[in-house]
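Structural overview for review
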Amino acid sequence: MCQRLLTFLDDWILEPLLTLRRLAHIIILFTPVIATTPIIFLGAKANGTEERSGTLWWYDFLAKQMERAGPTFIKLAQWIASRTDLFPLSLCYRLSKLHSHVDPHSFKYTQKVIEEAFGRQLDQVFLKLEPKPLGVGAIAQVYKATLRSNILPDYESREVAIKVLHPKARHIVQRDLTIMEYGAKLITLIPTMQWLSLPDEVRVFGEMMMEQLDLRGEAHNLCRFNDYFQNDRNVKVPKPYRQFSTRDMLIEEYERSIPLDLFLKQASYARQHELEPVFAKKLADIGLNAFLHMLIFFNFVHADLHPGNIMVEFYKPSVYHPLRSSWSKWMGHELKDEGETAVNRILRVQHDPVAIQQELEQLEQEGYAPRLVFIDTGLVNELNEVNRRNFLDLFQAIAHFDGYRAGELMVERCRSPEVVIQPDVFALRMQNLILGLKQSTFHLGTVKIGNLLHETMNMVRSHHVKMEGDFINVVVSIMLLEGIGRQLNPDLDLLKNALPVLRDYSLKEGRKVAMEDPKAPWLKVWIFLELRAYLGRNSRDEEWLKLW
């Protein structure tokens, strides 16, 4: 009886009061944002954008207040940044830069979570556990530790990363979602805002947040990525220890690696000093190849591939060569992959670009090769059958340079076709965009696919063509990855990188697809790219084709 009374008081008295207190805090933060809204109509248009200087100032102010509002609003800002079909690109760019500045929770809480999960004292689980977190995120923080050998009998003691959810994270997020839900309903009462269907978007965002609040989901995603890339030496994903993972704790392999940001800065430094960036082109190719495999082969895409979630390791391909490895064993000196030593060499000089350049050149001469490590897999995109079919149909229309049909498909299969503004004009604008692409068919390396998609998103937003969220996330991932890739390799050709992936897909599954579906979209795209690659090698054929 007493427990029921406490539950009633908690659910119907305490929690509503805490939600109201949270609402008051949010009102204090965002009232100045609402009050300064008229400034968006002031100022001259900034260089390179269609936005006024007052608008850009207001976007910066909004981003700052969302950062101050805490973890849920930071995640909301990052989600808004991914919806370039709904919100202006300048706003999305600013919100994508937000990072959480959450104070770390106490080590005592971490100790409690770990001991409850293992059912034993901390020193019986770990040989070593560093109390200072490696990193603190919006909803969790990460530690480095070394497991005892008796915890994993089949392994020696090994280093692990431990991710622990912040205390009361679920309560705080739930209060924020309740406030957002009511706020979205109020905004929908404004006639011009109905096409956004904000209550549905809040529901989708809420589901995304709740998924991230159960770390067992991230462990499951890590397992799937490991299965997909198990035979790929160029890509690595940490392995989780699912038997020890709970809603509040995730344990995975600790990866001693280098942030991709270091290579982006080093590539820029090398070009400024007329040097050749080492490993830059290779890293760009590996990243795009991995993403295309996620999209085309696996239909399981890492949805948060910004530079902070991509790391770099090194390995020696010669160590894994079957003949060389067998010969070394027979001669009595087994080859060792000293990739961690190579990583340490770079990290020791990470603040000295001259020394980094010298070390990278030396590693290349010693036969090392880079590999990418993808971390933080809490968010993934997996297109359902309908959206995957829509994606393939749209890809096919673009591959045939049928821009009008591509526009029609986007209108027909969007979430609210009835609210689209001037669908025929939208289709004509898509046709004009694709015709511009067709004129550059054999110089697509000069076409920035990211810019093309940006232009498409501008059109989508102005005509109220509301696409499915997971579909847009794939588009945003392509734009983001191409941007990263071009920082490493300015001559990056996304469609050229797609050719070997499509070739493999067509050889493995294309025959089956072609028999079942005469349209066979991926097969046609592959044939088109093969033709482009062949004719691109022959300037005379290209001249005749363009003349024709």
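With that settled, the discussion passes to the packing of helix H9 (residues 260-272) against helix H13 (residues 353-365). Where H9 meets H13, the closest approach of the two axes is 10 Å, and the angle between their N-to-C directions is 100°. Classified by the angle between their axes, H9 and H13 sit roughly perpendicular to one another. Between H9, through Leu262, Phe263, Gln266, Tyr269 and Ala270, and H13, the contact on the second element is made entirely by Pro353, Val354, Ile356, Gln357 and Leu360. Its residues assigned to classes, the contact of H9 with H13 shows eight nonpolar, two polar and no charged.

A few words now on the nonpolar core. Judged by nonpolar contacts, the single largest core of 97 residues is most densely connected at Phe30, Met66, Leu95, Phe263, Phe314 and Phe374. Ranked by residues supplied to this core, first place goes to helix H10 (residues 280-298) with 13 residues. Discounting residues that sit within four places of it in the chain, Phe263 has contacts with Ile258, Leu283, Val312, Phe314, Leu360 and Leu488.

Next up on the list: the packing of aromatic side chains. Throughout the structure, instances matching the rule amount to 13 aromatic pairs. With centroids separated by 4.9 Å and ring planes inclined at 35°, the aromatic side chains of Phe118 and Phe244 adopt a geometry described as tilted. Taken together, the residues Phe118 in helix H5 (residues 107-118) and Phe244 in the loop between strand E5 (235-236) and strand E6 (249-253) connect sequence positions 126 residues apart. As far as burial versus exposure is concerned, Phe118 and Phe244 are alike and both buried. Of the aromatic side chains, those joined through ring pairs into one cluster are Phe225, Tyr228, Phe229, Phe297, Phe298 and Phe300.

Attention shifts here to the confidence of the model for the protein. When pLDDT is averaged along the protein, the result is 80; 76% of the residues meet or exceed 70. This stretch, residues 441-446, has a pLDDT under 50; its non-local contacts, to residues over four places away or in other chains, come to 19 contacts. Low pLDDT, under 50, characterises residues 538-548; the stretch is placed with nine contacts to residues that sit more than four places away or in other chains.

Turning our attention to the side chain of Asn221. Residue position: Asn221 is located in helix H8 (residues 215-228). Note on Asn221: relative accessible area 7%, which makes it buried. For Asn221, the residues in contact, after removing those within four places along its chain, are Phe300, Thr377, Gly378 and Val380.

Right, let's get into the pairing of strand E10 (residues 369-374). Here E10 lies mainly inside the structure; six of its six residues are buried. Covered by surrounding structure in E10 are Ala369, Arg371 and Val373 together with Pro370, Leu372 and Phe374, the residues of both alternating faces. Sheet analysis places E5 next to E10, joined by two bridges and oriented parallel. The residue bridging Lys236 from the neighbouring strand is Val373, located in E10.

With respect to the secondary-structure elements, Glu115 resides in helix H5. Put simply, Glu115 is tucked away with no salt bridge, and the nearest opposite charge, on Lys112, sits 9.9 Å away. Setting aside its immediate chain neighbours within four residues, Glu115 contacts Arg120, Gln121 and Leu122.

All right, on to the sheet that holds E5 then. What the four strands build is an open sheet, ordered E5-E10-E9-E7; its pairing is mixed. Each of the sheet's edge strands pairs with one partner strand only, and the pair in question is E5 and strand E7 (258-259). Bridge count between E7 and strand E9 (residues 310-315): two bridges; the pairing is antiparallel. Bridge pairing in E9 links Pro259 to Met311. Packed onto the sheet, H10 meets E5, E9 and E10 and runs at close to 40° relative to E10.

Positioned with a positive phi, Asn299 is a non-glycine residue whose angle comes to about 50°. As for its position among the elements, Asn299 is in the loop between H10 and strand E8 (301-302).

This part takes up a nonpolar patch on the surface. A cluster of nonpolar side chains, contributed by Trp12, Ile13, Leu17, Leu20, Leu23 and Ile27, occupies part of the molecular surface with about 630 Å² of accessible area. For Ile27, the location among the structural elements is in helix H1 (residues 2-35). Given the relative accessible area of 45%, Ile27 is considered partly exposed.

A word on the pattern of salt bridges. Going through the model one piece at a time under the given rule, you end up with 16 salt bridges. Residue Asp176 is joined to Arg22 by a salt bridge in which the shortest nitrogen-to-oxygen separation is 2.6 Å. Remark: Arg22 occurs in helix H1 and Asp176 occurs in helix H6 (residues 169-188); sequence separation between them is 154 residues. With respect to burial, Asp176 and Arg22 carry one shared label: buried. Several salt bridges share partner residues, and in doing so they unite Lys236, Glu255, Glu313 and Arg371 into one network.

Quick notes on the rules
- Residues numbered from 1 in each chain as written.
- Predicted model: local features only at pLDDT ≥ 70, side-chain atom pairs only at ≥ 80, totals over all residues.
- Heavy atoms only, no water.
- Axes fitted to C-alpha atoms, helices over the stretch in contact; angles between N-to-C directions.
- Helix = DSSP H or I, 4+ residues; strand = E, 2+ residues; numbered from the N terminus.
- Parallel < 35°, antiparallel > 145°, perpendicular 65-115°, else oblique.
- Contact = heavy atoms within 4.5 Å.
- Nonpolar A, V, L, I, M, F, W, Y, C, P; charged D, E, K, R; others polar.
- Core = buried A, V, L, I, M, F, W, Y, C linked by side-chain atoms within 4.5 Å.
- Buried < 20%, exposed > 50% of the residue type's maximum accessible area, 1.4 Å probe, protein only.
- Phe/Tyr/Trp six-rings, centres within 6.5 Å; stacked < 30°, edge-to-face > 60°.
- pLDDT = per-residue confidence, 0-100.
- Pairing = 2+ DSSP bridges.
- Lys, Arg positive; Asp, Glu negative; His and termini not counted.
- Salt bridge = Lys/Arg side-chain N within 4 Å of Asp/Glu carboxyl O.
- Patch = residues over 30% accessible without salt bridge, like charges linked within 9 Å, V, L, I, M, F, W, Y side chains within 5 Å.
- Areas by Shrake-Rupley, 256 points an atom, 1.4 Å probe, with all protein chains shown as cover.

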